[in-house]
Amino acid sequence: RGGGGEREREEVEEGEQKETPPDDAPSLLQSYAGHTLSFSGLLPCVNAQDSPRLTKYWAQRFRLFSRFNEGVCLDEEGWFSATPEKIAEHIAERCRCDLIVDAFCGIGSNAIQFAHTCERVIAIDIDPVKIACAIRNAEIYGVADRIEFILGDYFHIMPQLKVTPC
């Protein structure tokens, strides 16, 4: 995690707000594939405001994560593959248990909600950027200590996982 200070806000058209990096943040904005990436530590968080393809998802950001303004990280795919928070809450309530595996956790939207209803969550993803975003998002929601994040291919990892009684 890098940076430090809170993100400042800059007013733009029709009352919308655009994030600007704090002064003490080292190279927070870089360009990648035509998108502005905001780095906090090493996390490339894609700002959907800068992509016409993702604009409709930007308008839905608080449906994806109610705590979006606290520094939630989404990569480009995460903008359209994350489960909206209310739906993830409902799924997690229905799946209440001691241990659950989120086989393809992505940026962590389901894993975070599972951590509210399950004793332990194992969150697996093959993409290191998604795992990094998921860890950051779980920290924001205060549930990172209940989730074990595993970087790897679910189909190779799952046969090796063993459940041992407490």
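Rules used throughout
- Residues numbered from 1 in each chain as written.
- Predicted model: local features only at pLDDT ≥ 70, side-chain atom pairs only at ≥ 80, totals over all residues.
- Heavy atoms only, no water.
- Core = buried A, V, L, I, M, F, W, Y, C linked by side-chain atoms within 4.5 Å.
- Buried < 20%, exposed > 50% of the residue type's maximum accessible area, 1.4 Å probe, protein only.
- Helix = DSSP H or I, 4+ residues; strand = E, 2+ residues; numbered from the N terminus.
- Contact = heavy atoms within 4.5 Å.
- Phe/Tyr/Trp six-rings, centres within 6.5 Å; stacked < 30°, edge-to-face > 60°.
- Lys NZ or Arg CZ within 6 Å of the ring centre and 35° of its normal.
- 1 Å grid on protein atoms, 1.4 Å probe; cavity = no way out; pocket = protein on both sides within 12 Å on 5 of 7 lines; lining within 4 Å.
- Points joined across faces, edges and corners; volume = space filled by probe spheres on them.
- Nonpolar A, V, L, I, M, F, W, Y, C, P; charged D, E, K, R; others polar.
- Pairing = 2+ DSSP bridges.
- Right-handed = clockwise from strand over helix to strand, strands pointing away.
- Polar contact = N/O pair within 3.5 Å; in protein donor to acceptor, adjacent residues only side chain to side chain.

K.L.:
Would you take a moment to explain the nonpolar core for this structure?
P.N.:
Soluble globular proteins: nonpolar side chains tend toward being buried together. Formed by 33 residues in total, the largest nonpolar core has its most connected members in Phe65, Leu74, Trp79 and Ile147. Counting only elements with at least two residues in this core, the list comes to β5 (43-46), α5 (109-117), β7 (120-125), α6 (128-140) and β8 (147-151). Per-element tally for this core: the top contributor is α6, with five residues. When near neighbours in sequence (up to four residues on either side) are disregarded, phenylalanine 65 contacts Val72, Leu74, Glu85, Ile107, Ser109, Ile112, Asn137 and Tyr141.

K.L.:
Just to check I follow, could you spell out the packing of aromatic side chains for this structure?
P.N.:
For any pair of aromatic rings, the description consists of the separation of the ring centres together with the inter-plane angle of the planes. One pass over the full model with this rule turns up nine aromatic pairs. With a centroid separation of 5.2 Å and an interplanar angle of 75 degrees, the aromatic rings of tyrosine 154 and phenylalanine 155 are classed as edge-to-face. Judged by relative accessible area, phenylalanine 155 falls into the exposed class, the value being 58%. An aromatic cluster is present here, built from Trp58, Phe62, Phe68 and Trp79 joined pairwise through their rings. Positioned above the aromatic ring of tyrosine 141 is the side chain of arginine 67, whose terminal nitrogen or guanidinium carbon lies 5.3 Å from the ring centre.

K.L.:
Any chance you could explain empty space enclosed by the protein here in plain terms?
P.N.:
Take a probe with the size of a water molecule and roll it over the atoms, and the empty space left behind shows itself. Applying the stated criterion across every chain yields a total of one cavity of 30 Å³ or more. In this structure, the largest cavity encloses a volume near 30 Å³. Contributing to the lining of the largest cavity are Leu64, Phe65, Glu85, Ser109, Ile112, Gln113 and Tyr141. It is α5 that provides the largest number of residues to the lining of the largest cavity, a total of three residues. Here the lining of the largest cavity is composed, by residue class, of four nonpolar, two polar and one charged.

K.L.:
Help me out: how do you make sense of the pairing of strand β6 (residues 99-102) in this one?
P.N.:
Within a regular strand, the side chains alternate between the two sheet faces. Judged by which residues are buried, β6 turns out to be one-sided: Ile100 and Asp102 face inward and are buried, whereas Leu99 and Val101, on the alternate face, are not. The pairing of β6 with β7 spans four bridges and is classified as parallel. If you follow isoleucine 100 over to β7, its bridge partner there is valine 121. In terms of handedness, the path from β6 via α5 over to β7 forms a crossover that is right-handed.

K.L.:
Where do I start with the side chain of arginine 61 in this structure?
P.N.:
Within the secondary structure, arginine 61 is located in helix α2 (residues 61-64). A polar contact is formed between the side chain of arginine 61 and the backbone oxygen of tryptophan 58, at a distance of 2.7 Å. In contact with arginine 61, not counting residues within four places along its chain, are Phe68 and Trp79.

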